[in-house]
Amino acid sequence: MAKLIDGKVISAAVKAEVAAETEELKKQGITPGLAVIIVGEDPASKVYVANKEKACQQMGFASFKYALPAETTQEELLELVKKLNEDPAVHGILCQLPLPRHLDEESVINTIVPEKDVDAFHPQNVGKIMIGNYDFLPCTPAGVMEMLKYENIDVNGKECVVIGRSNIVGKPMAMLLLHKNGTVTICHSRTKDLAEVCRRADILVAAVGRANFVTADMVKEGAVVIDVGINRLENGKLCGDVNFAEVEPKASYITPVPGGVGPMTIATLMKNTLTAAKKQNNL
Ligand code: GUN
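Let us look at the structure shown here. (Residues numbered from 1 in each chain as written. Predicted model: local features only at pLDDT ≥ 70, side-chain atom pairs only at ≥ 80, totals over all residues. Heavy atoms only, no water.)

Here we look at the site of the ligand
Thought 1: Taken together, the residues surrounding the ligand are Lys52, Leu94, Cys95, Gln96, Leu97, Asp119 and Phe121.
Thought 2: A distance of 2.9 Å is found between a nitrogen atom of the ligand and a backbone nitrogen or oxygen belonging to Cys95.
Thought 3: Note that a nitrogen atom of the ligand is positioned 3.3 Å from one of the side-chain N or O atoms of Gln96.
Thought 4: Of the residues assigned to the shell around the ligand, the class counts are 4 nonpolar, 1 polar and 2 charged. (Near = heavy atom within 4 Å. Polar contact = N/O pair within 3.5 Å; in protein donor to acceptor, adjacent residues only side chain to side chain. Nonpolar A, V, L, I, M, F, W, Y, C, P; charged D, E, K, R; others polar.)

Right, here's the structure in full:
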């Protein structure tokens, strides 16, 4: 039976540190501020944004929410980003993805000034992550690394397999594992014999976006299994990319969904916003 890696407990520990440091910062007259932009009515995005706002309140941050209609134009969105770039009360800017299809995500990301890019999506921040000298850690991958650290799971020399090559998770995840001396393989939809590659993994990270994608035959006995997926089933229930019931008996450690990686993403976002506030005040 696998040990459950509890994202709620670990994220609470990270957030407690952020809240304590924020209290000190506020004594110096600095309140970290996060602006969150959401465009349109995507139900999952609405939930994520609400959770981010709630976390800001818990941290004692100022949070600024911009819920824009689905018909918002590219110009209007970029105008808002530019205004937030200039606003000294806003230290972090996050535009919830995905955007409605008529909007260009890349130009929005490129318009956020790198110092306020708490998602670490801007090419300048992505480049810094690649080099290993970063200001902001990418939220979800950093959350996963925090979970491994908390459980004393050493990455050094391990076979790490990441399923998924997105800019948000797969690619930066691979990079953070590499920085910790993992031997990293990135799998994707064109990978030949995916199950065989996954079975090599000491640490398997699933970031595919497909419910129950990882089955028991893809997992080595004793592997650490990290499930980044958040999928909603037809019955309304949340489920990960890993078939938990099948895989759990084979794994040594496993993250649940919900209550696994999800809360860690938000905890890293809080950490990044605090870092941004400090840096912008030369601390
Ligand atoms: N959509 C899914 N995950 C994320 C994230 O971490 N940041 C943003 N901005 N959008 C997302």
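Description of the sheet that holds strand β4 (residues 92-95)
Thought 1: Pairing is parallel in the open sheet, where 3 strands are placed in the order β3-β2-β4. Since the sheet does not close on itself, it has two edges, and those belong to β3 (62-68) and β4, each with one partner. Each adjacent strand pair in this sheet contributes to an overall mean axis angle of 15°, direction not counted.
Thought 2: One ladder, built from 4 bridges, connects strand β2 (residues 33-39) with β4; its direction is parallel. Considered in β4, the bridge of Leu34 is made with Gly92.
Thought 3: Against the sheet, helix α3 (residues 74-86) makes contact with β2, β3 and β4, and its axis sits at roughly 180° relative to β2, the strand it touches most. (Pairing = 2+ DSSP bridges. Helix = DSSP H or I, 4+ residues; strand = E, 2+ residues; numbered from the N terminus. Axes fitted to C-alpha atoms, helices over the stretch in contact; angles between N-to-C directions. Contact = heavy atoms within 4.5 Å.)

So, the pairing of β2
Thought 1: In terms of burial, β2 is a largely internal element, 7 of the 7 residues being buried.
Thought 2: Residues Gly33, Ala35, Ile37 and Val39 point to one face of β2 and Leu34, Val36 and Ile38 to the other, with burial holding for every one of them.
Thought 3: One ladder, built from 7 bridges, connects β2 with β3; its direction is parallel. For Val39, the partnering residue across the bridge sits in β3 and is Leu68. (Buried < 20%, exposed > 50% of the residue type's maximum accessible area, 1.4 Å probe, protein only.)

Concerning the sheet that holds strand β8 (residues 224-227)
Thought 1: Strand order across the open sheet formed by 6 strands is β1-β11-β8-β7-β5-β6, with parallel pairing between neighbours. Across the chains shown, the open sheet's two edge strands, defined by having one partner strand only, are β1 (3-4) and β6 (183-187).
Thought 2: Inspection of the sheet shows strand β5 (residues 159-163) paired to strand β7 (residues 203-206) by 4 bridges, in the parallel sense. Residue pairing across strands places Ile163 opposite Ala206, the latter belonging to β7.
Thought 3: Relative to the sheet, helix α7 (residues 170-179) contacts β5, β6 and β7, its axis offset from that of β5 by approximately 170°.

Here we look at the environment of Pro141
Thought 1: Tracing the chain through its elements places Pro141 in helix α6 (residues 139-150).
Thought 2: A relative accessible area of 0% means that Pro141 is categorised as buried.
Thought 3: Along the backbone, Pro141 and Leu177 are 36 residues apart, and their C-alpha atoms lie at a distance of 8.9 Å.
Thought 4: Sequence-distant contacts of Pro141, defined by excluding residues within four places in its chain, comprise Ile168, Val169, Pro172, Met173 and Leu176.

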